[in-house]
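Working through the structure, step by step
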Amino acid sequence: MRESREFFIPDDGIQIHLKLNFPQNPSGEKMPLMILVHGFTGDMEETHIRAVQRTANEEGFAVLRAEMYGHGKSGGAFGDHTLMKWISNILTVIDYARTLDFVSDLYLCGHSQGGLLTMLAGAMERDRLKAILPLSPASMIPEIARHGEILGVPFDPDHIPAEVEAGKGLTLRENYIRVAQLIDVDLAIARYKGPVLIVHGTGDESVPFHYSEEVAAKYANAKLVPIPGDTHCYDLHLDQVTEAVRSFLREIR
C-alpha cells in the first residue's frame, strides 16, 4: 500500500501546499486521482473537504488536496490573492498530477470559490479532466463584482476601493475585484462538455442555491444534487453530500 504524503511544489514565486492520500485497497497499479480544493477562506483540513477526500479514497481514488495562494500553509498573503493567482496554482497542480505514474484519470473538485475555480480550470483543461465536481460553487463572484458588490459590501465598480473587508478579520485588496470583473463564467461553462456534478445546499446564505440551478442548466452534461435546507459548508447533511459524490464517481468511473 502506498503511503500518504505531504509536500510543496513551486508556482510563480510561492510554494503550494499539497497532501496526497491513497485508497487503502487499490484495485490495481493505476488509479484515478481527484484534485480537491477548498473555498474562499478555507483550507484542506475543513470537515467537508476531508469528508469528500475520504469518500473518494473509499471509492478507490487517490486524492490530492491543494491549498491555493494565501490559504493554509501555501505561500502568499490572503489579501493579495486573486482568482488569476488561483488559476495559476491549479494549472501547476494539474501539471504535477499528470507526471504521476500511477494516475489513470484526473478529476477536479472544489468548494465555493474552489468550485468556481473548478469550473474555470475545467474549461482550460477540458481535454485532461474526466469530470469536474463544483461543490456550492461561487459562480456569481464575477457577476456581482461587475455590479459593485463583494461579500455583501457594496462599492462603485468603476472606482474600486483599495481594500474591502472579507470577514473573519481579513481584508481583500482591490486587485481581487479587478481580476474577478473580467472573468467569463459562461464561456468556461460552454467549453467543458464532460460530466459535471454540482452539489448545493438549498439553505445556503453565502451562495444562494439558484446560482447552481442556472449553472447546471447551462452545462452540456451536468447533474445537480440539492441538499435540502443545508448550509454553504453542509453543516446539517454532510452525509448526503458524500453519498452524492460517491454515486457520481461510481457512475462515471
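Structure: above.
Residues numbered from 1 in each chain as written. Predicted model: local features only at pLDDT ≥ 70, side-chain atom pairs only at ≥ 80, totals over all residues. Heavy atoms only, no water.

Further remarks concern the sheet that holds strand β5 (residues 103-111). In spatial order, the strands read β1-β2-β4-β3-β5-β6-β11-β12; together these eight strands make up an open sheet with mixed pairing. Only two strands of the sheet have a single neighbouring strand rather than two, namely β1 (5-11) and β12 (222-227). Recorded for the sheet is a direction-independent mean angle of 20° between the axes of neighbouring strands. Looking at chain direction, strand β11 (residues 196-201) and β12 are connected through six bridges and run parallel. The partner of H200 across the bridge, within β12, is P226. (Pairing = 2+ DSSP bridges. Helix = DSSP H or I, 4+ residues; strand = E, 2+ residues; numbered from the N terminus. Axes fitted to C-alpha atoms, helices over the stretch in contact; angles between N-to-C directions.)

What follows deals with the nonpolar core. Formed by 66 residues in total, the largest nonpolar core has its most connected members in L18, L33, I35, L64, I90, V93 and Y219. Looking at which element gives the most residues to this core, the answer is helix α2 (residues 83-97), with eight residues. If we ignore the near neighbours within four places in the chain, the residues touching I35 are L64, I90, V93, I94, A97, Y107, L108 and C109. (Core = buried A, V, L, I, M, F, W, Y, C linked by side-chain atoms within 4.5 Å. Buried < 20%, exposed > 50% of the residue type's maximum accessible area, 1.4 Å probe, protein only. Contact = heavy atoms within 4.5 Å.)

The computed volume of the largest pocket comes to approximately 530 Å³. The wall of the largest pocket is formed by 24 residues, among which F40, S112, L151, S206 and H232 lie closest to the centre. Put simply, the parts of the chain that give the lining of the largest pocket at least two residues each are α4 (141-147), β7 (149-150) and β9 (163-167). For the lining of the largest pocket, a count of residues per class yields eleven nonpolar, ten polar and three charged. (1 Å grid on protein atoms, 1.4 Å probe; cavity = no way out; pocket = protein on both sides within 12 Å on 5 of 7 lines; lining within 4 Å. Points joined across faces, edges and corners; volume = space filled by probe spheres on them. Nonpolar A, V, L, I, M, F, W, Y, C, P; charged D, E, K, R; others polar.)

Turning to the pattern of salt bridges, a few remarks are in order. If you walk through the whole model with that rule in mind, you get 15 salt bridges. Residue R246 pairs with E58 through a salt bridge whose shortest N-O separation is 2.9 Å. Taken together, the residues R246 in helix α8 (residues 238-252) and E58 in helix α1 (residues 47-58) connect sequence positions 188 residues apart. A relative accessible area of 13% means that R246 is categorised as buried. Classification of E58 as exposed rests on a relative accessible area of 53%. (Salt bridge = Lys/Arg side-chain N within 4 Å of Asp/Glu carboxyl O.)

Moving on, we get to the packing of α1 against α8. When two helices pack together, you describe them by how their axes are tilted relative to each other and by the distance separating the axes. Between α1 and α8, the least distance of the axes is 10 Å, while the angle of their chain directions is 35°. The way α1 lies across α8 gives a crossing that is right-handed. Residue-level inspection shows T47, H48, A51, V52, T55, A56 and E58 of α1 in contact with α8, the latter providing L238, T242, V245, R246 and L249. A per-class count over the contact of α1 with α8 returns six nonpolar, four polar and two charged. (Left-handed = near helix turned anticlockwise from the far one by under 90°.)

Our focus in this paragraph is unusual backbone geometry. Phi is mostly negative for residues that are not glycine, and the peptide bonds are mostly trans. Positive phi outside glycine occurs at S136, with the angle close to 45°. As for its position among the elements, S136 is in the loop between β6 (129-135) and α4. Judged by relative accessible area, S136 falls into the buried class, the value being 0%. A positive phi angle, near 60°, is found at Y234, a position not held by glycine. For Y234, the location among the structural elements is in the loop between β12 and α8. Of the residues examined, Y234 reaches a relative accessible area of 3% and is grouped as buried.

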